[in-house]
Amino acid sequence: MNTDQHPLMKYLQKKGESLSTFAKTAKTSRMQLYRIMAGEGTTTSRLKQISEATGGELSVADLVSHGDDRESAA
C-alpha cells in the first residue's frame, strides 16, 4: 500500500513534520504508525491518542478509513 496518500501522511506533509518526530509527539513508534497506515489493526485508544496528537485535525475515522476508500473504489 502506498502510504503517501494516507491522511496522516498528508497531515505531516502539510505541517512539515517527519513521521519520526510525530511518533514521539503521539507517544507511539514510527513502525506502529506505518502499520496503521497499511491498514493493520491497532487499539481504539492508540487511534484516539494519535488523533489527539494532531490536535483533532484527524479523527479516528480518518486514520482507519483510508484502506476502505481504496477498496470501495476498485
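Details of the structure are given in the entry above.
Remember, it's a predicted structure, so these values are computed and weren't measured experimentally. (Residues numbered from 1 in each chain as written. Predicted model: local features only at pLDDT ≥ 70, side-chain atom pairs only at ≥ 80, totals over all residues. Heavy atoms only, no water.)

**Student:** Whenever I open this one, the environment of Ser 65 confuses me. Can you help?
**Tutor:** Topologically, Ser 65 is positioned in helix H5 (residues 60–73). Separated by 58 residues in sequence, Ser 65 and Pro 7 place their C-alpha atoms 9.2 Å apart. (Helix = DSSP H or I, 4+ residues; strand = E, 2+ residues; numbered from the N terminus.)

**Student:** Which parts of the structure should I look at to understand the packing of aromatic side chains?
**Tutor:** Each aromatic ring pair is summarised here by two numbers: the centre-to-centre distance and the angle between the ring planes. This model, assessed by the stated rule, comprises one aromatic pair. A centroid spacing of 6.0 Å and a plane angle of 70° characterise the contact between Tyr 11 and Phe 22, whose relative ring orientation is edge-to-face. With Tyr 11 in helix H1 (residues 7–15) and Phe 22 in helix H2 (residues 19–25), this pair connects stretches of sequence that are 11 residues apart. Neither residue differs from the other here; Tyr 11 and Phe 22 are each classed as buried. (Phe/Tyr/Trp six-rings, centres within 6.5 Å; stacked < 30°, edge-to-face > 60°. Buried < 20%, exposed > 50% of the residue type's maximum accessible area, 1.4 Å probe, protein only.)

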